[in-house]
Amino acid sequence: MAVVGYRSVAEAICKERGARGKSLHAMFGDLARLRVPQPVIDGFHEARLLGNDSVRDGLEYAPDEIADVADLIKVAVLVLCVQPAERQRMAEARLARRTAHKAEAVNPPPSTPWPRAGRRRRAPAGPGVEGAGWSAGTLLQAVLPYLACPCTVSLFAAAERR
């Protein structure tokens, strides 16, 4: 009966997104209009079919088949809910940093000498990406849970060897 829960999650996401249709099948079809990636839509259809089979026909699926549908729903939640929220948060942080930097450039603090005309200040040297303290290995570790496939695992291993 777990697949019925996954079917319900897919249905809730459709309603939250504003998908239209008289049936769940039609609502899933309408997700393309809302620019939902086709693999996510296909995963929702799979959850719908397994849920229908379980409830209507009493069909029992193997644990690995149910786990596969669970993974499809997890990916959908990641793509449709988690990643957009993370991107929004990062965009707001960049905007705040940009605004603060521009305000500082107009009104530099008294302890910071104003750069002479025609000369650019150099970014402070330091480890990682643009002085932010992120090494390639740290970046890969942050992204790896989202990209757990053999190619990223080997890329991570190569970065650690350097």
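Residues numbered from 1 in each chain as written. Predicted model: local features only at pLDDT ≥ 70, side-chain atom pairs only at ≥ 80, totals over all residues. Heavy atoms only, no water.

(A) How the structure looks around the overall build of the protein chain. Along the backbone of the protein chain there are six helices and zero strands. Its helices and strands taken in sequence order, the protein chain reads α-α-α-α-α-α from the N to the C terminus. Counting over 162 residues, the protein chain shows a buried share of 21%. For the protein chain, the share of sequence-separated contacts (at least 6 apart) that also reach a separation of at least 24 residues comes to 39%. When the accessible area of the protein chain is evaluated, it comes to approximately 11,900 Å², of which 58% is carbon and sulfur surface. (Helix = DSSP H or I, 4+ residues; strand = E, 2+ residues; numbered from the N terminus. Buried < 20%, exposed > 50% of the residue type's maximum accessible area, 1.4 Å probe, protein only. Contact = heavy atoms within 4.5 Å. Areas by Shrake-Rupley, 256 points an atom, 1.4 Å probe, with all protein chains shown as cover.)

(B) Layout of the confidence of the model for the protein chain. Looking at the protein chain as a whole, its pLDDT mean stands at 76, while 65% of the residues score no less than 70. Ranking the elements of the protein chain by mean pLDDT puts helix H6 (residues 150–161) last, at 49, and helix H2 (residues 24–30) first, at 92. Below a pLDDT of 50 lies the segment residues 123–134, which in the model reaches nine contacts outside its immediate sequence neighbourhood of four places, other chains included. (pLDDT = per-residue confidence, 0-100.)

(C) How the structure looks around a negative patch on the surface. Taken together, Asp42, Glu46, Asp64, Glu65, Asp68 and Asp71 make up a surface patch of like negative charges. Listing elements by their share of the negative patch, those giving two or more residues are helix H3 (38–57) and helix H4 (63–106). Looking at the negative patch element by element, the count peaks at four residues for H4. Among the secondary structure elements, Asp64 is positioned in helix H4. The class for Asp64 is exposed, based on a relative accessible area of 59%. (Patch = residues over 30% accessible without salt bridge, like charges linked within 9 Å, V, L, I, M, F, W, Y side chains within 5 Å. Salt bridge = Lys/Arg side-chain N within 4 Å of Asp/Glu carboxyl O. Lys, Arg positive; Asp, Glu negative; His and termini not counted. Charge placed at Lys NZ, Arg CZ, Asp CG, Glu CD.)

(D) Geometry of H3. For H3, which comprises 20 residues, the first-to-last C-alpha distance of 27 Å matches the rise-based estimate of 28 Å (1.5 Å per residue) to within 8%. Of all the residues in H3, the buried ones are Val40, Ile41, Gly43, Phe44, His45, Ala47, Arg48, Leu50, Gly51, Asn52 and Ser54. Gly58, located one to two residues past H3, shows a positive phi value of around 70 degrees. (Expected span 1.5 Å × (residues − 1).)

(E) Spotlight on the nonpolar core. Formed by 19 residues in total, the largest nonpolar core has its most connected members in Cys14, Phe28, Leu31, Val36, Val40, Phe44 and Leu80. Those elements giving two or more residues to this core turn out to be helix H1 (2–17), H2, H3 and H4. Top element by residues in this core is H3. It accounts for five residues. Among all residues touching Val40, those that are not within four sequence positions of it are Ala76, Val79 and Leu80. (Core = buried A, V, L, I, M, F, W, Y, C linked by side-chain atoms within 4.5 Å.)

(F) Representation of the packing of H1 against H3 within the structure. Relative to each other, H1 and H3 sit at 135 degrees, their axes nearing to 8 Å. Viewed along their axes, H1 and H3 adopt a mutual orientation that is oblique. Every pair of crossing elements has a handedness; the one defined by H1 and H3 is left-handed. Together, Val3, Val4, Tyr6, Arg7, Ala10, Ile13 and Cys14 of H1 and Phe44, Ala47, Arg48, Leu50, Gly51, Asn52, Ser54 and Val55 of H3 make up the contact between the two elements. Residues that form the contact of H1 with H3 fall into these classes: 10 nonpolar, three polar and two charged. (Axes fitted to C-alpha atoms, helices over the stretch in contact; angles between N-to-C directions. Parallel < 35°, antiparallel > 145°, perpendicular 65-115°, else oblique. Left-handed = near helix turned anticlockwise from the far one by under 90°. Nonpolar A, V, L, I, M, F, W, Y, C, P; charged D, E, K, R; others polar.)

(G) Spatial organisation of the packing of aromatic side chains. Under the criterion given, the structure shown has one aromatic pair. Judged by centre distance (5.5 Å) and plane angle (35 degrees), the ring pair of Phe28 and Phe44 falls under tilted. Placement of Phe28 in helix H2 and of Phe44 in helix H3 is noted, with a sequence separation of 16 residues between them. Comparing Phe28 with Phe44, the two get one shared label, buried. (Phe/Tyr/Trp six-rings, centres within 6.5 Å; stacked < 30°, edge-to-face > 60°.)

(H) Quick look at the environment of His25. On the secondary structure map, His25 appears in helix H2. Beyond its immediate chain neighbours, meaning those up to four positions away, His25 contacts His45 and Arg48.

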